[in-house]
Amino acid sequence: MGFLDTILGRSKPVRPDLDQLFAVPSAALTLEAATGFRPTGRGSVCFAGVEGGTFARLQQDVRELLDADTGRGGVPVEFSQDGYGYTWLLARQPPGETAGLVNDLHAVNTLLQDGGFGPQLLCSLVGFEDERQRPLALVYLYKRGSFYPFAPAPGAREKRDNSLELQVRAALGDDLRIEKDLTRWFPVWGAPGL
């Protein structure tokens, strides 16, 4: 970083580190002990769609990779598009198989990155809920290389439970690289996997 960057307040972007996702299974144990939130077995990857045959083939490769176990009782992945035009891939595993879910999400991110579509990756999330079935997600920001908690308030339309998010941040500060800039804690309303 140069002198001018320092004066103007610019910083170098953090290089994405997909291996950060592998910290989620141990963070899930900490989260359950500290807050009572348990993994749901649902997770998703969000990316900006791209037109073209290469991207369509890559999507098909992702589907084939993650659907390989459907003959043995696995649940097929689902692709959907949100109101902003972003594509979501929903993966499912049994609730106790957080490591398997993280492996699936990591595989999707890696295939997209290695296929030259890394800039289209936006985030990955892993869903949790407590005994009252309040939803919570740990969201990994691909371009920032960090996580943040997202907790929609139950029964409220597009309202967040900020105190729960801050409680989760405090509980997981030693387990995950938590995004320090709270303005980057973007809401992911209606995200598959929540």
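Now for a description of the structure that goes with this document. (Residues numbered from 1 in each chain as written. Predicted model: local features only at pLDDT ≥ 70, side-chain atom pairs only at ≥ 80, totals over all residues. Heavy atoms only, no water.)

Let us look at the overall build of the protein chain. When helices and strands are counted, the protein chain shows five helices and six strands. Going residue by residue from the N terminus, the α and β elements of the protein chain occur as α-α-β-α-β-β-α-β-β-β-α. Buried residues in the protein chain amount to 41% of all 194 residues. Sequence-distant contacts, at least 24 apart, represent 64% of the contacts inside the protein chain between residues at least 6 apart. Of the roughly 10300 Å² of accessible surface on the protein chain, a fraction of 51% belongs to carbon and sulfur atoms. (Helix = DSSP H or I, 4+ residues; strand = E, 2+ residues; numbered from the N terminus. Buried < 20%, exposed > 50% of the residue type's maximum accessible area, 1.4 Å probe, protein only. Contact = heavy atoms within 4.5 Å. Areas by Shrake-Rupley, 256 points an atom, 1.4 Å probe, with all protein chains shown as cover.)

If you look at the biggest cluster of nonpolar residues, it comprises 48 residues, and the most contacted ones within it are Phe128, Val139, Leu172, Leu176 and Val188. Ignoring anything within four residues of it in the chain, the contact list for Leu172 reads Ala27, Thr30, Leu31, Leu138 and Ile178. (Core = buried A, V, L, I, M, F, W, Y, C linked by side-chain atoms within 4.5 Å.)

Attention now moves to the layout of surface pockets. Its volume calculated, the largest pocket comes out at about 530 Å³. Together, 22 residues line the largest pocket, and Tyr86, Leu122, Phe186, Pro187 and Val188 are the ones closest to its centre. At the level of elements, β3 (86-92), β4 (121-129) and β5 (135-141) are the ones that each hand at least two residues to the lining of the largest pocket. Taken together, the residues of the lining of the largest pocket sort by class into 15 nonpolar, two polar and five charged. (1 Å grid on protein atoms, 1.4 Å probe; cavity = no way out; pocket = protein on both sides within 12 Å on 5 of 7 lines; lining within 4 Å. Points joined across faces, edges and corners; volume = space filled by probe spheres on them. Nonpolar A, V, L, I, M, F, W, Y, C, P; charged D, E, K, R; others polar.)

Another aspect to go through is the pattern of salt bridges. Going through the model one piece at a time under the given rule, you end up with six salt bridges. Across the pair Glu165 and Arg160 runs a salt bridge whose closest N-O atoms are separated by 3.0 Å. Taken individually, Glu165 and Arg160 each receive the classification buried, so the pair is uniform in this respect. (Salt bridge = Lys/Arg side-chain N within 4 Å of Asp/Glu carboxyl O.)

By the definition in use, this model includes three aromatic pairs. The interplanar angle of 55 degrees and the centroid separation of 5.0 Å between the aromatic rings of Tyr140 and Phe147 together place this pair among those described as tilted. Of the residues examined, Phe147 reaches a relative accessible area of 1% and is grouped as buried. Between Phe150 and Trp189, the ring centres sit 5.1 Å apart and the planes meet at 75 degrees, which makes this aromatic pair edge-to-face. Within this pair, whereas Phe150 is found in strand β6 (residues 146-150), its partner Trp189 is found in the segment after α5 (162-172), the two being separated by 39 residues in sequence. Classification of Trp189 by relative accessible area gives partly exposed; the value is 29%. (Phe/Tyr/Trp six-rings, centres within 6.5 Å; stacked < 30°, edge-to-face > 60°.)

End to end, helix α2 (residues 24-35) covers 15 Å across twelve residues, agreeing with the expected 16 Å (1.5 Å per residue, within 8%). Every buried residue belonging to α2 is among Val24, Ala27, Ala28, Leu31 and Thr35, and all of these are buried. Taken end-on, α2 shows its buried residues confined to a sector of 110 degrees, consistent with a single buried face. Across from the buried face of α2, at angles greater than 90 degrees, the exposed residues are Leu29 and Ala33. One or two residues past the end of α2 sits Gly36, with phi positive at roughly 85 degrees. (Expected span 1.5 Å × (residues − 1). Arc of directions from axis to C-beta.)

Take the side chain of Asp104 next. By the secondary structure assignment, Asp104 is in helix α4 (residues 98-117). Apart from the residues lying within four places of it in its own chain, the contact partners of Asp104 are Leu66, Ala91 and Gln93.

Bringing the pairing of strand β2 (residues 78-81) into the picture now. Note that β2 and β3 share four bridges and pair antiparallel. Along β3, the bridge assignment pairs Glu78 with Leu90. (Pairing = 2+ DSSP bridges.)

Structural measurements only, silent on function.
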